[in-house]
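Chain by chain, the residues run as shown.
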Amino acid sequence: MQSSETRYCLRIETGERKGETIPLREGVATLGRRSDNTFVLSAGSVSGRHAEIKIEDGQVELNDLGSTNGTKVSGRRVDSSALAHGDEIALGSYKLVLLDTSFIEGGHSEEGDGPVPEDDTIQIEEAASATQADLHSLASPLAEADSDGLQRVSADKVRASGSRSRLGLLALGLIAAAAVAVCTWRWRNKQSGVGRAEASVVELDGNLLADGTFEKDRAELDWSGPETAPQVFARERAFAHTGRFGLGVDLAQGEWALARSPIVELSSAVFSRGLELVGSLRTTGSAEGRLGVEFLTGASDGDSTFVWAPAQGAPEVGFMDRGVALVAPPGHRHARIVVAGRGIGEVAIDDVGLFEADRSASLTTHYNEIEFRVLGEAASTATLVRAGRSVFRSLQLGRWDARGLEGSGRAGWSASAGQRGFKVLFDGGPTDLWIVVDENGIDLGGDERSWIATSGSTGYRRHSSQFERAGANSIFLGRGSELVRIGFAAGVSVRGERLGEGVSLSIQLGTNNEMDVQLSFVEERTEASVLVSRADEAERRGRIGAALAAWSELLDRYPIERGQVKRAEAARARLIGAGLDEVAEIRAAFERARFFALPELYRQGRERCRVLSERYGGSEVEVEAERLDRELALALETASSGGAAKESRQLEGVLKALDRQAQPRLTDHVKQALSRRQGVSAEDTATEETGGSSTKKEDGSDG
């Protein structure tokens, strides 16, 4: 039995160090990407300090050190686990196998803990002398072909050769060791996928991708993934469909991964004929996988548009051949194949290719010179094009990109042209829509002149590129002849954010199963002009409420012409501001009346509130004026409880106390009020002397 100092080792199963063994010694060894680890594993999916292996008293324990991508033992994610001979360890996508050398040397197979049966091994019990010629006679009749093609050595034949030499027995031992090694090799290959019969790799002519079979011998895979992804695709034997290697990933709960091929340049013919994407895709468990193409405006990462084939999910049996025709969006001269996976289980691809097609797969609907292009048979991505230029760089039902895999992988749409634009119907129950608007295709203006607006149950609002709005029925983009309205029957939630040279809109569709893309606004412009005339006329007549109503209707229903919209916003602000200023002035007079307890000033305030409410009927100014009138009525009722004579005495006292030069306006108000109250008081006195009565209004004024 060997010492634990040399008993255990790790065999690397992936990457450029595949097949290398690492001896493990008693104590603790750390594994990770950082240089201060005991064993440095250079892989993007491995954390800086990923895990540790602890060996004590012949027992091996593996502990995860809070890694990002987790640690698995034989496919099961663990925080801590005891290890035994043959256990497969996965640190992210980096795989290793624990080997117990004493286990192998002690005569155990890798599939069980018991000794190998006697008819499959050799018991060396006798020693004799032999010549060199004996070696051949031992090696040939004793090695028999078993059903699996392996050479087996019978123990009976060993005993029958008792007169053979020690050298001959040594030869038998070598043969037996070779048999055990082959068994081990076959068992290991079965676990990793190598043991299967390899299907021949067929190189397809015209493939724009240099290596879609993953067979080329290279130190590093030239496919890459975003740093934001919690898992990465790896080139391994277990993911092969044909040949030796394929590309795949094993996903746990909440994980996703995305891989991108090298970038290829597209010829001009692609924009008229399109592309064809092919590949073999396999999923297991509840994992969902998807092949697609990322179109780029340049030869490096930047603004891009993803066009995906429908997602594939379990239950699928083995690899399924996938093919989809695609169309390159305008202005995108480069492309790369992408594969994505989410869920729990494996996603694997092999034999992928991108080819120039002999026919266009564009499903284009025309409205005048504007096209609604569905970019391929998958029908999950579209673009809006005006005269060869993208108005909307992309419209996507589900956003699968470097930021994450969101939304449905199987939704689609269809479009039809109407009198004012396109009617777009959703298929597959999508919950989200992403629209990328390119400033090169539509005039959005800068932040000072931004022309992004929404309208809904709570009115019209203009936005910069960063905004959120709930309950929107319409989204307006652009201005003048380039104006586009996205309309929904039920209110949607919209979030806008800056994205490169444009704006990205994330829309939660709610119950909507269709949308309008309006491009013609002839009727709306006519109605807006009528409302402008109506508002001007109402203001001239002093009917400010009617003018405000006309301007509000223009903003809510017909915010088409930029000049009209700016005028409506300015007019509303000016008129409402003036009305609220009048309310504030009446309230100030009310506070003075409250201080001096002057009922006559309360009456004047109520009259001013009445006039203001009539002028601003239907607006927020009317609401404020009526609220103040109710406060004045209550104060008047309290102050008038002593009768006109009492009020006259109060006014006389206030008049004496006032500085008439410093407060001339208030002095005049008090004098006028006193004159009216004295007249009322004289009438009350005459009535009492004659025993008659005088009829008065509720507010105390003359009847």
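Below is a summary of the structure that appears in this document. Just so it is clear, the structure is predicted and the values come from calculations on it, not from any experiment.

The rules behind these values
All residue numbers here refer to positions counted from 1 along the written sequence of the relevant chain. Thresholds applied to this predicted model are a pLDDT of at least 70 for local features of residues and 80 or more for the giving and counting of side-chain atom pairs; totals over whole chains, interfaces and linings are not thresholded and use all residues. Values shown for side chains rest on all heavy atoms present in the structure; no hydrogens or waters enter the calculation. Secondary structure follows DSSP: runs of H or I at least 4 residues long count as helices, runs of E at least 2 residues long count as strands, and numbering of each begins at the N terminus. Any two residues having at least one pair of non-hydrogen atoms within 4.5 Å are treated as being in contact. Each pair of aromatic rings taken from Phe, Tyr and Trp, with Trp reduced to its six-membered ring, is defined by centres within 6.5 Å and is described as stacked if the planes are under 30 degrees apart, edge-to-face if over 60, and tilted in the remaining cases. The cut-offs for exposure are 20% and 50% of the maximum accessible area for each residue type, with area from a 1.4 Å probe on protein chains only; residues under the lower value are buried, those over the upper are exposed, and the others partly exposed. A ring is considered to have a charge above it if a Lys NZ or an Arg CZ atom is located within 6 Å of its centre and within 35 degrees of its normal. Think of it this way: DSSP has to see at least two bridges between two strands before they count as a pair. Under this scheme, a helix contributes an axis fitted over its contacting stretch, all axes are lines through C-alpha atoms, and angles between N-to-C directions fall in the 0 to 180 degree range. Each reported salt bridge corresponds to a side-chain nitrogen of Lys or Arg within 4 Å of a carboxyl oxygen of Asp or Glu. Any N or O atom pair separated by 3.5 Å or less is treated as a polar contact, with the protein-specific requirement of one donor-capable and one acceptor-capable atom, and with residues adjacent in sequence counted only for side-chain atom pairs. The length a helix should cover is 1.5 Å for every residue beyond the first.

All right, on to the overall build of the chain then. Check the secondary structure of the chain and you find 13 helices and 39 strands. Taking contacts inside the chain between residues at least 6 apart in sequence as the whole, the part at least 24 apart equals 62%.

Another point: the packing of aromatic side chains. Applying the stated rule across the entire model yields seven aromatic pairs. For the pair Trp413 and Phe426, a centre-to-centre distance of 6.4 Å together with 35° between the ring planes defines the contact as tilted. Pair noted here: Trp413 is in strand β31 (residues 412-417) and Phe426 is in strand β32 (residues 421-427), with a separation of 13 residues, a long-range link. Classification of Phe426 by relative accessible area gives buried; the value is 12%. Here a set of aromatic residues connected by ring pairs shows up, and it is made of Tyr367, Phe372, Trp413, Phe422 and Phe426. Sitting above the plane of the Phe245 ring, Arg235 keeps its charged end 4.0 Å from the centroid.

Further remarks concern the environment of Leu275. Tracing the backbone shows Leu275 in strand β18 (residues 275-283). According to the relative accessible area criterion, Leu275 is buried, its value standing at 0%. Sequence-wise, Leu275 and Leu354 are 79 residues apart; in three dimensions their C-alpha atoms are separated by 6.8 Å. Among residues more than four places away in sequence, those in contact with Leu275 are Leu208, Leu266, Val270, Phe295, Val324, Ala325, Leu326, Leu354, Phe355, Glu356 and Ala357.

Moving on: the pairing of strand β39 (residues 514-518). Across five bridges, the pairing between β32 and β39 is antiparallel. Across the sheet, residue Gly421 finds its bridge partner in β39, namely Gln518. Across three bridges, strand β37 (residues 484-499) lies against β39 in antiparallel orientation. From the neighbouring strand, Gly487 faces β39, where its bridge partner is Asp516.

This paragraph deals with the sheet that holds strand β22 (residues 320-326). The strand order across the open sheet built from five strands is β14-β15-β24-β18-β22, with neighbouring strands paired in antiparallel fashion. Strand pairing shows two members of the sheet lacking a second neighbour, β14 (234-236) and β22, which therefore form its edges. With strand direction ignored, the average angle separating the axes of adjacent strands in the sheet is 35°. As paired elements, β18 and β22 share seven bridges and run antiparallel to each other. What sits directly across from Ser280, in β22, is Asp321.

In this section: the pattern of salt bridges. Where side chains of opposite charge bring their charged atoms close, a pairing between them can arise. On inspection of all chains with the given rule, the structure shows 31 salt bridges. When the shortest N-O distance is used, the salt bridge between Glu236 and Lys95 registers 3.2 Å. Of the two residues, Glu236 is situated in strand β14 and Lys95 in strand β11 (residues 94-100); the sequence distance between them amounts to 141 residues. Exposure remark for Glu236: the relative accessible area of 8% places this residue in the buried category. When its relative accessible area of 16% is taken as the criterion, Lys95 is described as buried. What you see here is one network of salt bridges that share partners, running through Lys423, Glu514 and Asp516.

Turning our eyes to something else, we now look at the environment of Thr68. With respect to the helices and strands, the residue Thr68 is situated in the loop between β6 (59-64) and β7 (71-73). In this structure Thr68 comes out as exposed when scored by relative accessible area, which is 61%. Dropping the residues within four chain positions of it, Thr68 is found in contact with Ser47 and Arg77.

For the rest of this paragraph, the subject is the side chain of Gln312. Examined against the element boundaries, Gln312 turns out to sit in strand β21 (residues 312-313). On the basis of relative accessible area, Gln312 is assigned to the buried category, the value being 1%. A distance of 3.1 Å separates the side chain of Gln312 from the backbone oxygen of Leu281, its partner in a polar contact.

Within the fold, Thr242 resides in the loop between β14 and β15 (246-251). Classification of Thr242 as buried rests on a relative accessible area of 10%. Polar contacts involving the side chain of Thr242 include one to the side chain of Asp351, which spans 2.8 Å.

The next thing to look at is helix α8 (residues 544-557). The terminal C-alpha atoms of α8, which comprises 14 residues, lie 20 Å apart, in line with the 20 Å expected from a rise of 1.5 Å per residue. Along α8, the positions that sit buried rather than exposed are Ile544, Gly545, Ala547, Leu548, Ala550, Trp551, Ser552, Leu554 and Leu555.

What follows concerns the sheet that holds strand β1 (residues 8-12). The antiparallel open sheet is built from six strands, whose spatial order is β2-β1-β11-β10-β7-β8. The open sheet has two edge strands with one neighbour each: β2 (21-24) and β8 (76-78). On average, adjacent strands in this sheet sit at an angle of 30° to one another, irrespective of strand direction. In this structure, strand β10 (residues 88-91) lies alongside β11, joined through four bridges in antiparallel fashion. Directly across from Ile89, in β11, lies its bridge partner Leu96.

Glancing now at the pairing of strand β19 (residues 288-296). Most of β19 sits out of view: nine of its nine residues are buried. Neither face of β19 is left uncovered, since the one carrying Glu288, Arg290, Gly292, Glu294 and Leu296 and the one carrying Gly289, Leu291, Val293 and Phe295 both have all their residues buried. Here β19 runs beside β21; their pairing, made up of two bridges, is antiparallel. Across the sheet, Gly289 pairs through a bridge with Gln312, a residue of β21. Bridge count for β19 against strand β23 (residues 334-342) is nine bridges, and the pairing is antiparallel. Across the sheet, Val293 pairs through a bridge with Ile337, a residue of β23.

This part covers unusual backbone geometry. Of note in this structure, Ser74 is not a glycine but carries a positive phi near 55°. Topologically, Ser74 is positioned in the loop between β7 and β8. A positive phi is found at Asp351, a non-glycine position, where the angle reads about 55°. With respect to the helices and strands, the residue Asp351 is situated in strand β24 (residues 345-356). For Asp351, a relative accessible area of 21% puts it in the partly exposed group.

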